[in-house]
Amino acid sequence: MRLIIEKDYDSVCRWAAQYIMNRINAAPSFVLGLPTGSSPLGVYRELSAYNREGKISFKKVTTFNMDEYIGLPADHPQSYHYFMEENFFKHIDIDRNNVHILDGIAADPVAECRAYEDAILKAGGIDLFLGGMGADGHLAFNEPGSSLSSRTRIKTLTPGTRIANARFFGGDMEKVPSTALTVGIGTVMDARELLILASGYAKARALQAAIEEGLNHIWPLSCLQMHPRAIIVCDEEATDELRVGTVRYFKETESAYRVSN
């Protein structure tokens, strides 16, 4: 695992966007896994700017989003279809035929999940999955206690997650759907690379558990310890719960990595 420690949220997003840009430019027919929420917004802004400047093209890129609320149609302002369109897709030159997002109003949600897994396999697997870090260590909608080998499925959301997401629903938790379709931890772990974002003091406990504690389904992000190419990009605030020696170790190893590359 690599831990990249940047000064602040903007620096985290620039680092992540540049990394993704370099990966896509090296292999234009790239398969990219994408999250929603507040964490990736800065990355999407950076990538959109690179696209406008002609530094990157998404014409051959295929995307798979992590999740979608059950019961929200694609045109609902709080659906993840809508989120991705407004915050990313309409700003870049991506072919909409290459965009994949779970259907929250599918007549058969179980079949929808199976089809999603099949579509990922048909695309050749995901080259890089970008993700955020929940304050309780959840990844996508894989809440604490989720199986570390889980696949795309229906998931009941915890009150904590619904409270956290209520800010997108006028502050009313009761308006937040109680279930969602989500890729599983096993689905995410199949990606050839993982790039996880963490910013702010609220993420410090989850970051500490993911890095310094053992593999534990109560902290789903601890699965990163088992991935051969996992990167966490965080800001200084998110390291608040890490040991001084841990922070020093990752800063020193990253400095050595940059010198050797």
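Here, every reference points to the structure presented above.
Residues numbered from 1 in each chain as written. Predicted model: local features only at pLDDT ≥ 70, side-chain atom pairs only at ≥ 80, totals over all residues. Heavy atoms only, no water.

*Asks:* Explanation requested: the packing of aromatic side chains in the structure shown.
*Replies:* Two aromatic rings, taken as a pair, are described by how far apart their centres are and by the angle between their planes. Throughout the structure, instances matching the rule amount to 10 aromatic pairs. Note on Tyr-44 and Phe-88: the rings are 4.5 Å apart at their centroids and 15 degrees apart in plane angle, and the pair reads as stacked. Of the two residues, Tyr-44 is situated in helix H2 (residues 41-52) and Phe-88 in the loop between helix H3 (80-87) and strand E5 (99-100); the sequence distance between them amounts to 44 residues. Cluster of aromatic residues (ring-pair linked, three or more members): Tyr-44, Phe-58, Phe-88 and Phe-89. (Phe/Tyr/Trp six-rings, centres within 6.5 Å; stacked < 30°, edge-to-face > 60°. Helix = DSSP H or I, 4+ residues; strand = E, 2+ residues; numbered from the N terminus.)

*Asks:* Please explain unusual backbone geometry as it appears in this structure.
*Replies:* Both trends apply: most residues other than glycine have a negative phi, and most peptide bonds are in trans. A positive phi angle, close to 55 degrees, is found at Ala-140, a residue other than glycine. For Ala-140, a relative accessible area of 11% gives the class buried. (Buried < 20%, exposed > 50% of the residue type's maximum accessible area, 1.4 Å probe, protein only.)

*Asks:* Explain the packing of helix H1 (residues 9-26) against H2 here, please?
*Replies:* How two helices sit against one another is set out by the angle between their axes and by the gap between those axes. Packing of H1 against H2 leaves a shortest axis separation of 8 Å and a crossing angle of 50 degrees. Taken together, the axes of H1 and H2 lie oblique to each other. For H1 against H2, the interelement crossing comes out right-handed. Residue-level inspection shows Tyr-9, Cys-13, Arg-14, Ala-16, Ala-17, Gln-18, Ile-20 and Met-21 of H1 in contact with H2, the latter providing Leu-41, Gly-42, Val-43, Arg-45, Glu-46, Leu-47 and Tyr-50. When its residues are assigned to classes, the contact of H1 with H2 shows 10 nonpolar, 2 polar and 3 charged. (Axes fitted to C-alpha atoms, helices over the stretch in contact; angles between N-to-C directions. Parallel < 35°, antiparallel > 145°, perpendicular 65-115°, else oblique. Left-handed = near helix turned anticlockwise from the far one by under 90°. Contact = heavy atoms within 4.5 Å. Nonpolar A, V, L, I, M, F, W, Y, C, P; charged D, E, K, R; others polar.)

*Asks:* Looking at this model, I keep getting lost on the environment of Ile-101. Mind explaining?
*Replies:* By secondary structure assignment, the location of Ile-101 is in the loop between E5 and helix H4 (109-122). Taking the C-alpha atoms as reference points, Ile-101 and Leu-181, 80 residues apart in sequence, are found 9.9 Å from one another. Discounting chain neighbours no more than four positions away, the residues touching Ile-101 are Asn-65, Asp-67, Glu-68, Tyr-80, His-81, Met-84, Phe-89, Glu-112 and Tyr-116.

*Asks:* What's the story with the sheet that holds strand E4 (residues 67-69) in this structure? I'm lost.
*Replies:* To summarise the sheet geometry, strands pair through backbone hydrogen bonds and adopt either a parallel or an antiparallel arrangement. As summarised here, the arrangement of the 3 strands in space is E4-E8-E7, forming an open sheet in which the pairing is antiparallel. Lying at the two open borders of the sheet, with one neighbouring strand each, are E4 and strand E7 (153-156). Going from strand to strand, the sheet's axes swing by 30 degrees on average, the running direction of each strand aside. Pairing between E4 and strand E8 (residues 179-182): 3 bridges, direction antiparallel. Within the sheet, the bridge partner assigned to Glu-68 lies in E8 and is Leu-181. (Pairing = 2+ DSSP bridges.)

*Asks:* Explain the side chain of Glu-6 to me, please; I cannot follow it from the model alone.
*Replies:* Tracing the chain through its elements places Glu-6 in strand E1 (residues 2-6). On the basis of relative accessible area, Glu-6 is assigned to the buried category, the value being 17%. With near-sequence residues (within four places) excluded, Glu-6 lies in contact with Ser-11, Val-12, Trp-15, Val-233, Cys-234, Asp-235, Glu-236 and Arg-258.

*Asks:* Sorry, what's going on with the pairing of strand E10 (residues 230-235) here?
*Replies:* Every other side chain in a regular strand lies on the same face of the sheet, so the side chains alternate between the two faces. Burial runs high along E10: 6 of the 6 residues are buried. Here E1 pairs with E10 via 5 bridges, running parallel. Within E10, the position partnered with Leu-3 by the bridge is Ile-232. Bridge count between strand E9 (residues 193-198) and E10: 5 bridges; the pairing is parallel. Each residue of the ladder has a partner; that of Leu-197, found in E10, is Val-233. Once the chain exits E9 it traverses helix H7 (residues 204-212) before rejoining the sheet at E10, and the crossover so formed is right-handed. (Right-handed = clockwise from strand over helix to strand, strands pointing away.)

*Asks:* Looking at this structure, how should I read the side chain of His-227?
*Replies:* Relative to the assigned elements, His-227 resides in the loop between H7 and E10. A distance of 3.4 Å separates the side chain of His-227 from the backbone oxygen of Met-189, its partner in a polar contact. Within the structure, the side chain of His-227 is placed 2.9 Å from the backbone nitrogen of Arg-229, a separation counted as a polar contact. His-227 has contacts with Met-189, Ala-191, Arg-192, Glu-193 and Leu-194, leaving out every residue within four places of it along the chain. (Polar contact = N/O pair within 3.5 Å; in protein donor to acceptor, adjacent residues only side chain to side chain.)

*Asks:* In this structure, what is going on with the environment of His-76? I would like to understand it.
*Replies:* In this structure, His-76 sits in the loop between E4 and H3. His-76 gets classed as partly exposed once you look at its relative accessible area, which sits at 27%. Through-space distance from the C-alpha of His-76 to that of Asp-118 is 26 Å; in sequence the pair is 42 residues apart.

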